[in-house]
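# Survey of secondary and tertiary structure
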Amino acid sequence: MTSADAVFAWLGVGALLAAVLPRVLSGRPLSMPLVFLLCGIAVYLLPLPLPAIDPVDDRVVAEHVTEVVVIISLMGAGLALNRPVGWRRWGATWRLLGVTMPLTFLITATVAWWLLDWPPAAALLLGAVLAPTDPVLASEVRVGEPTDDEDDEDDVRFALTSEAGLNDGLAFPLTYAAVGLAAVAGSGWSAEWIGPWVAQDLGYRCAVGVLVGLLMGKLLGWLFFRTRSRTLRLSQHREGFVSLGATFLAYGVTELAGGYGFLSVFVTACAIRAAERAHGYHNVLHDFMEQVERLLTAAVLFLLGAFIASGGLSALTWRGAVAACAVLLVIRPLAGWAGLLRSPLGSRERWVVAAFGVRGIGSLYYLAYALGHHGLAVPQRELWAVVTFTVLASVVLHGITAGPVIARLDRLRDGEQPRARRGSATVNPVRRTPGP
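A short tour of the structure in this document, coming up. (Residues numbered from 1 in each chain as written. Predicted model: local features only at pLDDT ≥ 70, side-chain atom pairs only at ≥ 80, totals over all residues. Heavy atoms only, no water.)

The full count for this structure, using the stated rule, is 8 salt bridges. Ionic pairing is found between Glu 63 and Arg 59, a salt bridge with its closest N-O pair at 2.6 Å. Here the residue Glu 63 and the residue Arg 59 both occupy positions in helix α3 (residues 59-80), the gap between them amounting to 4 residues, near one helical turn. The two residues Glu 63 and Arg 59 agree in class, both being buried. The partner of Asp 410 in a salt bridge is Arg 157, and the shortest N-O contact between them spans 3.1 Å. Residue Asp 410 is found in helix α14 (residues 380-416), and its partner Arg 157 is found in helix α6 (residues 155-185); the two are separated by 253 residues along the sequence. (Salt bridge = Lys/Arg side-chain N within 4 Å of Asp/Glu carboxyl O. Helix = DSSP H or I, 4+ residues; strand = E, 2+ residues; numbered from the N terminus. Buried < 20%, exposed > 50% of the residue type's maximum accessible area, 1.4 Å probe, protein only.)

Within the secondary structure, Glu 163 sits in helix α6. Discounting chain neighbours no more than four positions away, the residues touching Glu 163 are Thr 93, Leu 96, Leu 97, Thr 133 and Arg 332. (Contact = heavy atoms within 4.5 Å.)

Turning next to the packing of aromatic side chains. A complete count under the given rule lists 24 aromatic pairs for this structure. Taken together, a centroid distance of 5.8 Å and an interplanar angle of 90° make the contact between Phe 224 and Tyr 281 edge-to-face. Residue Phe 224 is located in helix α7 (residues 194-226), and its partner Tyr 281 is located in helix α10 (residues 281-312); the two are separated by 57 residues in the primary sequence. Grouping residues by exposure puts Phe 224 and Tyr 281 together as buried. An aromatic cluster is present here, built from Phe 172, Tyr 176, Tyr 251, Tyr 260, Phe 262, Tyr 365, Tyr 366 and Tyr 369 joined pairwise through their rings. When the ring centre of Phe 158 is taken as reference, the NZ or CZ atom of Arg 83 above it lies at 4.0 Å. (Phe/Tyr/Trp six-rings, centres within 6.5 Å; stacked < 30°, edge-to-face > 60°. Lys NZ or Arg CZ within 6 Å of the ring centre and 35° of its normal.)

In this section: the nonpolar core. Ranked by internal contacts, the top residues of the largest apolar core, which has 107 residues, are Leu 125, Leu 126, Phe 224 and Phe 262. Of the residues forming this core, the biggest block, 11 residues, is contributed by α10. Once residues lying within four places of it in the same chain are set aside, the contact partners of Phe 262 are Glu 67, Val 70, Ile 71, Leu 74, Asp 168, Gly 169, Phe 172, Tyr 251, Tyr 365 and Tyr 366. Counting 14 residues, the second-largest nonpolar core is a separate cluster that includes Val 141, Val 352, Val 353 and Leu 409. (Core = buried A, V, L, I, M, F, W, Y, C linked by side-chain atoms within 4.5 Å.)

So, about unusual backbone geometry. Positive phi values are uncommon outside glycine, yet Asp 117 reaches one of about 60°. Summarising the element assignment, Asp 117 is placed in the loop between α4 (91-115) and α5 (120-129). Here Asp 117 falls in the exposed class, since its relative accessible area comes to 65%.

Helix length check: helix α9 (residues 261-275), at 15 residues, gives a terminal C-alpha distance of 21 Å against a target of 21 Å (1.5 Å per residue), a fit within 8%. For α9, the tally of buried residues reaches 14 of 15 residues, placing the bulk of the element in the interior. (Expected span 1.5 Å × (residues − 1).)

As far as function goes, none of this settles anything; it's purely spatial.
Structure representation (C-alpha cells):
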C-alpha cells in the first residue's frame, strides 16, 4: 500500500463524515467543524510520515484555498436568504455592519497595540482579520434552505447570516488600511495613507463590488428564469453546478474591475434570489453550494488542526491568548450589543447575535492575503498563532454552545409566538416551491 492509497482512503472517510455528521450532531453540543479540527490534530500527533502543513511558508496556497471556501460560502448564504433587501427589513444587518464591525476592528487593534506591543500596522491588521464573522463554522446560527416565504427566517439566524455575507467583503478596506499604513510609515504612524485609502479602498472598490454584483445578478437572474429560450433558461435544466459558475464569474469580473469580489459574490446571490424569489431552482443552486462548502470547510479545518499539531501555536504568548479570548468573550459581545441597541430584537436575541460572532476561515484568508504585500513588517509567526488560536477557540466555544443555545431560544420563541412564525427555526421540513 502506498501513501497515495492512504490519502484516497482518508478522503473517502472525510467525505462520508461530512455528509453524516451535520445530521448526527444537529442540536448537540458539538459541531462538524470541531470534529474535523480535532481529527486534524489527532492524526498529526500520530507518528506517521505526513506532509508538513505550514501556511506561513505556503502562504500563497493558504490564501487561495481559503479564498475559494469563502466565496462559495458567500454565494450559499446569499441564495439562502428569503428576506428582500431593505433598510428596515435588514435593520439589524446595517447596525452590525455600521457599528459592531468598526467597533470590533478599532478595539481589537487597540488591544493588540497596547497589550501585545505591536506596531500600529500589525495592530490594525489583527483588528481587520478578526473583524468579520463566519457562521459557516456554526451551522445552527445560519438560515436554512430557500423558501417562498419572505418572513420565513427568525431574526437571529437572519442577522448573523446576512452580517457574515456582507462583512466578509467589507473587511477588505480594513485590511488595506493596515497595508497602507505599513507602506507609508513602516513600523510607525502616519496619516498620509488615509486620503487615498478612503477614495480608493473604501469608496471605489466597494462601489464596484456592489455595482458589478447587481449587474451580474440581474443578468444571471434573467438567464436562469426569464429568457424566452427554453434551451438557455437554465432553471429548466436544474443543474446545481451553475451556482459555481455564477460564483466564479462574479468574483473574477469584479476583481478584474478593481472591486471587492467577496462583496460582489454576495450581492450577486441576493440579486439572483430577487429575480424569481419563489422558484424551486434556488433550492437546487443552494443545495449544491452547501455540499461543496461543507466538503471544503471540512478539509480546511482538518488542515488547520494539522497546523496546530505541527507547532502552529508555538509562537503564541499568554498576551496573544488573552487578546484572542478578549475578542470572543468581551469585544465582539459588547460591540454587538452596542450595535443592536434600540433594534426591534428582544434582549435574548440581541445577546445571542452579539455572542455568536464566529471567527473562522475568512480570518485565515485575510491574514494570508495581507502578508503577501511587501513592506508589511509584522510578526508573521505570532500573528498566525494569535489568529489560529482565535479560530480554534471560536470553533470550540461556538461549536459546543450553538446547538443548545439556539435550540433553547427556539423553544422560548415557540412559547411566545404561533408555531407558524418560527421560520427557518422549525424542525418541520422546509417547503419547496417547484419551478414551472
